[in-house]
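Structure assessment
The residues making up each chain are set out below.
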Amino acid sequence: MRSTAELHLVSPPGGPVGGRGRELAVFVLIGFGVPWLLWLLRVRTGIDVVAPGGMVAVGLATFAALRVGGRTGGRTGGRTGTVARDTALVPIRPVRRLVRFCAIALGATLAFGFLAVAIGAWAGQYPTDLENLSGLRAAYGMAGEPLQLILSALAVNIGLLVVVLPLAFCEEWAWRGFLLPRLRPLGLWPALLVSGLVWGVWHLPGYVGAGASPGFVPFLVFTVFFGVLLGWLRLTSGLIWPGVLAHAANNTLVTAFVNVVFSADDERALSNPWTVGLSGWPGWLVMLAVVLVGARAIRRAADRDPAFGGLPRRRPRPLRRILAASLGLVIVAALAGTAVEQSMARTDARRFPAPGRLVSVGTHQLHLRCLGSGSPAVVFESGWGDSSTTWDGLQRQLAAAGQRSCAYDRAGYAWSEPGAGVRDASAEAAELVTLLANAGERGPFVFVGHSWGGHVLRLLRAQRPEQVAGLVLLDIADERNTGLATPATIQAHVWSLAAGAGLLRTGSWMVDSREPRLTRDNAPVVFGPATWAAAAAEMRAYDATVRAVRSLPREPRSWGGLPVTVISAQDTGEQIARLSTRGRHVVADTRDHYVHLAEPALVLREIHRVVEQAAFTK
């Protein structure tokens, strides 16, 4: 019996180093250049042949590269070198073996596709309709019994499969027949991963300016995973033909048939590139599991292949191996988490409804939540990075005591829409006044502000003093702190990345346990990427904010007899309290910046005191 190695390359691909360099240069020039020329044609004329033309071009690029490298005939290394042998087109015999691998390729591709869609359905991304198959009906515009519908749609896609096979051949001949063996100096796994990455980048002209650009990143992840599986087929069979069939099956049977078997006519299910079939995160998980389980089999197949097995191996150091494995796990987890976040964020409005109402302030809407009744109403202003939900406990206690209170989210935070223009505290103070007026809330109000909220309320008091019946300031930010913007911006980006990678979906462990249940239950929205984008925007306007606050009067008693309490976690804030003849400075027992979470009873007591003084003054 012939060994598997004899079915693979019989001579080193590319010959000498110089020849290999010329081959790769020609391959890249034609294979990548022509698709971009076709993209330019589409831009100028509207004629779109980027996909089929690019697939043909990469096949021609392979032939031209081998021609330049002298691989279309003659002798290399004492053995006959031909295009067919160098690129795993032959030997076809034994035919039974080829048929077996082709059957495996087709069956596995379909199975992976069905499994990916089933995972998407189980995760709530695909609405299931296995009884009426409304997804197939909507996609193909067909009527009839379910079995008839399935057979008709399947026949259409089998016909497409036959049409696509020559184009899939061009690609597989290029990526797994030509490129993969020439990446062998990188080692087995880097060669498999890099070839898949190059394959994905090659598709870029089809995504630029075609309305499909959001789908490029998930598609790139798909080509890396699927490229490893196609590379495995090429190594274990010694031929590219099984990969050609798997490639064509994915482009037709999986993409246009399997993806809609489970789906009802819900546009969200099939319009989200992060969730659809093998190209979405369910498919990544399926392919990753297969690669991890078959890792040893892939290595054994490579060892039998002269393109990889003939290379000396360097024994990796234990520390390097651990670091590489850890980095790989982090990357895979980040990609999977990002995909889950992207897909689940589309349904956040349904799963995490706003506890209050949205009120227009002109260009956008802000989220406002009011509880209780009574006058003057208490209005909470949150600190940097916090939302209205942080005040839920205090709001409920005030409502129980017969006191009305309102909390809101600044533009971009939690349920509020992003605001236009510079997001400095002066603009936010003006928006708060507009919000309360448009919501029908009648002032003047007792305002309670924490940290950054202190800047907003001090500026609001300067802009509209008639609206301020009293102030309770909780460990407010110091406008003399000039080094805050940079670390806060970095923190915002770090939290945004963490939220974008889906870490908030894993539970409320990232949220302060002292936060109200309302905060923890809505963490994906409250601390989602949109919130941290808004927080970063505030830091970009930090200089404008502190200049405005510094320009405010600082003379003692300049606030007259306004009821004021300043609660500090440290012995600071007395100067602010002196701005009013009825100012009171309280140093909390805690050193925690979040005074309202550490000592809520203290904060509640001072709110009641200021409300009573404000009501008496009125």
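Before any of the text, the structure's been laid out above.
Just so you know, these numbers come straight off a predicted model, no measurement behind them. (Residues numbered from 1 in each chain as written. Predicted model: local features only at pLDDT ≥ 70, side-chain atom pairs only at ≥ 80, totals over all residues. Heavy atoms only, no water.)

1. What about the packing of aromatic side chains?
Applying the stated criterion to the full structure yields 19 aromatic pairs. Between F169 and W173 the ring centres are 5.6 Å apart and the planes differ by 15°, which places this aromatic pair in the stacked class. Taken as a pair, F169 and W173 lie in helix α6 (residues 146-182) at a separation of 4 residues, close to a single helical turn. Taking the centre distance of 4.8 Å and the plane angle of 20° together, the rings of F380 and W391 count as stacked. Residue F380 is found in strand β5 (residues 378-381), and its partner W391 is found in the loop between β5 and α16 (392-400); the two are separated by 11 residues along the sequence. Since its relative accessible area comes to 0%, W391 is described here as buried. Pairwise contacts between aromatic rings join W199, Y207, F216, F219, F222 and F226 into one cluster. Looking at R176, its charged tip hangs above the ring of W199, at a distance of 4.4 Å from the centre. Positioned over the ring face of Y413 is R410, at 5.0 Å from the centre of the ring. (Phe/Tyr/Trp six-rings, centres within 6.5 Å; stacked < 30°, edge-to-face > 60°. Helix = DSSP H or I, 4+ residues; strand = E, 2+ residues; numbered from the N terminus. Buried < 20%, exposed > 50% of the residue type's maximum accessible area, 1.4 Å probe, protein only. Lys NZ or Arg CZ within 6 Å of the ring centre and 35° of its normal.)

2. Topic: unusual backbone geometry
Leaving glycine out, the prevailing phi sign among residues is negative, and the prevailing peptide bond configuration is trans. Cis geometry marks the peptide bond from R93 to P94; its omega dihedral reads 0°. As for its position among the elements, P94 is in the loop between α3 (83-86) and α4 (95-122). In this structure, P376 follows S375 across a cis peptide bond, with omega equal to 0°. Its place among the elements puts P376 in the loop between β4 (365-371) and β5. One non-glycine residue, A414, lies in the positive phi region at around 45°. Turning to its location among the elements, A414 is positioned in the loop between β6 (405-408) and α17 (425-438). Accessibility expressed as a relative area gives 12% for A414, which makes it buried. Of note, R557 is a non-glycine position whose phi angle comes to about 70°, a positive value.

3. Section: the sheet that holds β4
The strands that make up a sheet pair up through hydrogen bonds in the backbone, lying either parallel or antiparallel. Strand order in the open sheet formed by 8 strands is β3-β4-β6-β5-β7-β8-β9-β10, with mixed pairing between adjacent strands. In the strand order of this sheet, the two ends are held by β3 (357-360) and β10 (583-587), each with one partner. Each neighbouring strand pair of the sheet contributes to a mean axis angle of 25°, computed without reference to strand direction. Of the pairings in the sheet, the one linking β5 to β6 comprises 3 bridges and is parallel in character. Residue pairing in the sheet places F380 in a bridge with A407 of β6. This element, α16, spans β4, β5 and β6 of the sheet and lies at about 40° to β4. The strands touched by helix α18 (residues 452-463) are β5, β7 (445-450) and β8 (468-474); relative to β7, the strand with the most contacts, the crossing angle is about 145°. (Pairing = 2+ DSSP bridges. Axes fitted to C-alpha atoms, helices over the stretch in contact; angles between N-to-C directions. Contact = heavy atoms within 4.5 Å.)

4. Some details on α18
With 12 residues, α18 should reach 16 Å at 1.5 Å per residue; the first-to-last C-alpha distance of 17 Å fits that figure. Within α18, 9 of the 12 residues are buried, which leaves the element mostly enclosed by the surrounding structure. Those residues of α18 not exposed but buried are W452, G453, G454, H455, V456, L457, R458, L459 and L460. (Expected span 1.5 Å × (residues − 1).)

5. A few points about the nonpolar core
Among the nonpolar cores identified, the biggest contains 66 residues, and F27, W175, W284 and M287 are the most heavily contacted of them. With near-sequence residues (within four places) excluded, F27 lies in contact with F32, V58, A61, T62, A65, A174, W175 and F178. Of all hydrophobic cores here, the second largest spans 61 residues; its members include L368, Y408, A499 and L562. (Core = buried A, V, L, I, M, F, W, Y, C linked by side-chain atoms within 4.5 Å.)

6. Thoughts on the pairing of β7
Counting buried positions over the 6 residues of β7 gives 6, a clear majority of the element. Residue alternation in β7 divides its side chains into two sets, F445, F447 and G449 and V446, V448 and H450, and both sets are buried. When β5 meets β7, the two strands line up parallel, connected through 4 bridges. Counterpart to E381 in the pairing with β7 is G449. Bridging between β7 and β8 involves 6 bridges; their strand directions are parallel. Looking at the pairing, F445 lines up with V468 of β8. A crossover links β7 with its parallel partner β8, the connecting element being α18, and its sense is right-handed. (Right-handed = clockwise from strand over helix to strand, strands pointing away.)

7. Focus: the state of the cysteines
Applying the stated criterion across every chain, the model contains 1 disulfide. Bridging C370 to C406, the disulfide has an S-S length of 2.1 Å. Between C370 and C406, the S-S torsion sits near 110°, and that sign places the bridge as right-handed. With C370 in strand β4 and C406 in strand β6, the pair connects residues that are 36 residues apart, well separated along the chain. C370 sits in the partly exposed class, given a relative accessible area of 21%. (Disulfide = S-S within 2.5 Å.)

8. Considering the packing of α6 against helix α8 (residues 216-237)
At a minimum axis separation of 11 Å, α6 and α8 run at an interaxial angle of 75°. Considering the angle they form, α6 stands roughly perpendicular to α8. Of α8, the residues touching α6 (which contributes E172, R176, L180 and P181) are G227, L230, G231 and R234. Residue classes in the contact of α6 with α8 are distributed as 3 nonpolar, 2 polar and 3 charged. (Parallel < 35°, antiparallel > 145°, perpendicular 65-115°, else oblique. Nonpolar A, V, L, I, M, F, W, Y, C, P; charged D, E, K, R; others polar.)

9. Topic: the side chain of E538
The topology assignment puts E538 in helix α22 (residues 529-540). There is a polar contact of 2.7 Å between the side chain of E538 and the side chain of Y413. (Polar contact = N/O pair within 3.5 Å; in protein donor to acceptor, adjacent residues only side chain to side chain.)

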